[in-house]
Amino acid sequence: MANLQQIAKKFRVSDNFLNSKEDALLIVASSMVDLIGELNRNEKRGIDENQKQSLITKLEKLGDFCKEVKNSTF
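Residues numbered from 1 in each chain as written. Predicted model: local features only at pLDDT ≥ 70, side-chain atom pairs only at ≥ 80, totals over all residues. Heavy atoms only, no water.

1. What about the packing of aromatic side chains?
Per the stated rule, a full pass over the model turns up one aromatic pair. With 5.4 Å between their ring centres and 80° between their planes, Phe11 and Phe65 make a pair best called edge-to-face. Of this pair, Phe11 sits in the loop between helix H1 (4–10) and helix H2 (21–41) while Phe65 sits in helix H3 (residues 49–70), placing them 54 residues apart in sequence. What makes Phe11 buried here is its relative accessible area of 11%. (Phe/Tyr/Trp six-rings, centres within 6.5 Å; stacked < 30°, edge-to-face > 60°. Helix = DSSP H or I, 4+ residues; strand = E, 2+ residues; numbered from the N terminus. Buried < 20%, exposed > 50% of the residue type's maximum accessible area, 1.4 Å probe, protein only.)

Encoded structure:
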């Protein structure tokens, strides 16, 4: 199991922002807002395949981050 500092480094999050599992929830919430904004920007003209794959990759990475934080040690 990784600790929060190792997870921060792996996912390129400043360890100043990841001091607890509660901080991780704030990071996830902020990331979701960013992804929603990205979807809304492309709403009128649609999402091409590259944008779709980019969003999928970002969501998968966010899911991996959640799993690692859940299983982390302090």
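Now that the structure has been shown, we can carry on.
2. Digging into the pattern of salt bridges
Under the criterion given, the structure shown has two salt bridges. In this structure, the salt-bridge partner of Glu68 is Lys10, at a minimum N-O distance of 2.4 Å. Remark: Lys10 occurs in helix H1 and Glu68 occurs in helix H3; sequence separation between them is 58 residues. Glu68 gets classed as partly exposed once you look at its relative accessible area, which sits at 24%. Residue Glu38 pairs with Lys58 through a salt bridge whose shortest N-O separation is 2.9 Å. One end of the pair, Glu38, is in helix H2; the other, Lys58, is in helix H3, with 20 residues separating them in the sequence. Take Glu38: its relative accessible area is 18%, and that puts it in the buried class. By relative accessible area, Lys58 is classed as partly exposed at 36%. (Salt bridge = Lys/Arg side-chain N within 4 Å of Asp/Glu carboxyl O.)

3. Some details on H2
The end-to-end C-alpha separation of H2 is 30 Å, in line with the 30 Å expected for 21 residues at 1.5 Å each. For H2, every residue scored as buried is listed here: Asp23, Ala24, Ile27, Val28, Leu35 and Glu38. The buried side chains of H2 occupy one side of the element, clustering within an arc of 140° when seen end-on. Relative to its buried face, H2 has exposed residues pointing more than 90 degrees away, namely Glu22, Leu25, Leu26 and Val33. Packing partners of the buried residues in H2 comprise H3. (Expected span 1.5 Å × (residues − 1). Arc of directions from axis to C-beta. Contact = heavy atoms within 4.5 Å.)

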